Amino acid sequence: MQQDAEQCERYGDQYIGGAWRPSGDAGSIPVLNPATEQVLATVPAGGAADVDAAVAAARRAARVWGATTREERLALLTRLRDGIAEAQDEITRTVVAELGAPVGFAAAVHAGLPLTVATSYLALLAEHPFEERIGNSVVLAEPAGVVAAITPWNYPLHQIVAKVVPALAAGCPVVLKPAEDTPLVARLFARLVHEAGFPAGVFNLVTGTGAAAGAALAAHQGVDVVSFTGSTTVGRQIAETAGRGLKRVTLELGGKSANVVLPGADLTRAVNVNVANVFANSGQTCSAWTRLLVPEDRYDEAVAIAAKAAAKYTPGDPADPQTRVDPLVNAKQLARVRSYLEGALAEGARAVAGGPDPIPELPVGFYVRPTVLADVTPDMTVAQEEIFGPVLVILPYRDEDHAAELANGTPYGLAGGVWAADTDTAAAFARRLDTGQVDLNGGRFNPLAPFGGYKSSGLGRELGRQGLEEFLQYKSLQY
Ligand code: NAD
């Protein structure tokens, strides 16, 4: 259902060199509301011309921005953080509209988390040792150069802030290419950067498709660092391109994270938290615990708890504060998730909640049923591949060695959970997992801890001190 094109905003400009300028490329991208399927706005489909202009502006700004003092950068980043704080309601409304996120979750996470992360970098910038004496050397941490930030749609502002803020803190100018589905919150962010008063060219925004704008930016000779979040397939292409150009690359890719409930853990709590974790953001979370691993003698009990918990998650209108499950971002994701579910049932899995069928009460919008799959074997497609929808698979294990083997038995290694009778037991097991983050007995998210993947889940880290260091290079002076 497409609304009258006259009713939607038609943006024709990109933020380049400190001003909104008409796009130099032809074409536009419609931005849909996933709950209504109506066109909210159109944005320019930037390509080589816009990317060239944005990278040139960033290069012109690089030397001056790289030579600013810590205090100068801190003053501007504090203004940007304050702008993000003042715009919380507008950010929430924008993400509800273009991603379809439920309003409560959007306020707490899509608007709140970027504020937390931006704030964390003020403290990190204030204390970071940009100069260090090592023996007869003084080691300088200098900006790594012009950064290309390419971001996805699933946590659209968080992923922008987690790249752009540390890059700016390190003294690097940035060209941002946001996801096609969520460019409006990226435009809002560009406005906040402008209002904060950053020098022209320090931050630039080019909207466009991945194949045109994204690929042109990742390959551009004027870019020194590519920081990418998205699919493993595109991540590999970017790493190849970056390798040819000898660019530094940071990749935050997919996941198929395991939540392991050890004997002696509180099974009911562990399963309920897992269901909430995997259904949040409609399962469109790279670090979601999409595989629940339980002792085989408690398998049926775990399945029953999960099915009961899942029944409370009813998809609905994202603008309604009661809604807990939102639509998927677009028709392609909906078709993809449904096809994984159909494939799972054909392979012998059993849906104890949800399933691939459409929801008759929600004929409009990209809605899928929150689903729990039992009788899943480790080699099934749904136990191996990232689905990126509200789908939990439950697998039984024989003993702890088997649990570790299953948890490590996918190409991914982004996150995970371990539940045990005590923290020491959980921590000992977590050391056996090939993954970048593990929450013990429901340990909460820490914005200062490095976030990133082992194996095919990525290269490098975001957040915290390690996230800042991705944008620094070192020069040693001996005397
Ligand atoms: P994607 O990897 O295609 O897109 C992510 C970003 O990369 C977007 O800005 C896109 O325009 C850009 N891009 C696409 N092709 C490019 C190219 N050749 N060169 C440079 N940039 C390019 O991801 P998607 O299509 O949005 O989602 C597909 C799957 O990716 C999802 O189903 C999910 O499995 C995974 N994903 C993971 C994350 C994560 O946080 N790890 C986020 C979003 C999607």
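My aim in this report is to walk through the structure given alongside it, one point at a time. (Residues numbered from 1 in each chain as written. Predicted model: local features only at pLDDT ≥ 70, side-chain atom pairs only at ≥ 80, totals over all residues. Heavy atoms only, no water.)

This part covers the pairing of strand 8 (residues 147–150). Burial of the side chains of strand 8 extends over both faces: V147 and A149 are buried on one face and A148 and I150 on the other. Pairing between strand 8 and strand 9 (residues 174–177): four bridges, direction parallel. Following the sheet pairing, I150 is matched in strand 9 by K177. One crossover worth recording links strand 8 to the parallel strand 9 by way of helix 5 (residues 156–170), and it is right-handed. Where strand 8 and strand 11 (residues 225–229) come together, four bridges link them in parallel fashion. The partner of V147 across the bridge, within strand 11, is V225. (Buried < 20%, exposed > 50% of the residue type's maximum accessible area, 1.4 Å probe, protein only. Helix = DSSP H or I, 4+ residues; strand = E, 2+ residues; numbered from the N terminus. Pairing = 2+ DSSP bridges. Right-handed = clockwise from strand over helix to strand, strands pointing away.)

Turning next to helix 7 (residues 210–219). Taken together, the buried positions of helix 7 are occupied by A213, G214, L217 and A218. Down the axis, helix 7 shows its buried residues gathered within 125° of arc, on one side only. Looking at the packing, one finds that the buried side of helix 7 touches helix 1 (48–66), strand 8, strand 9, strand 11 and helix 8 (232–245). Between a side-chain oxygen at the N-terminus of helix 7 and the backbone nitrogen of A212 the separation is 3.1 Å; the capping residue is T209. (Arc of directions from axis to C-beta. Contact = heavy atoms within 4.5 Å. Polar contact = N/O pair within 3.5 Å; in protein donor to acceptor, adjacent residues only side chain to side chain.)

This model, assessed by the stated rule, comprises twelve salt bridges. Two residues, D13 and R187, come together in a salt bridge whose shortest N-O distance is 2.8 Å. Taken together, the positions of D13 in strand 2 (residues 13–16) and R187 in helix 6 (residues 183–196) put the pair 174 residues apart, joining distant regions of the chain. The residue E195 makes a salt bridge to R191 at a minimum N-O spacing of 3.2 Å. One end of the pair, E195, and the other, R191, are both in helix 6, four residues apart, so they sit about a helical turn from each other. The exposed category is assigned to E195, whose relative accessible area is 53%. Each member of the salt-bridge network shares a partner with another, and the members are E90, R191 and E195. (Salt bridge = Lys/Arg side-chain N within 4 Å of Asp/Glu carboxyl O.)

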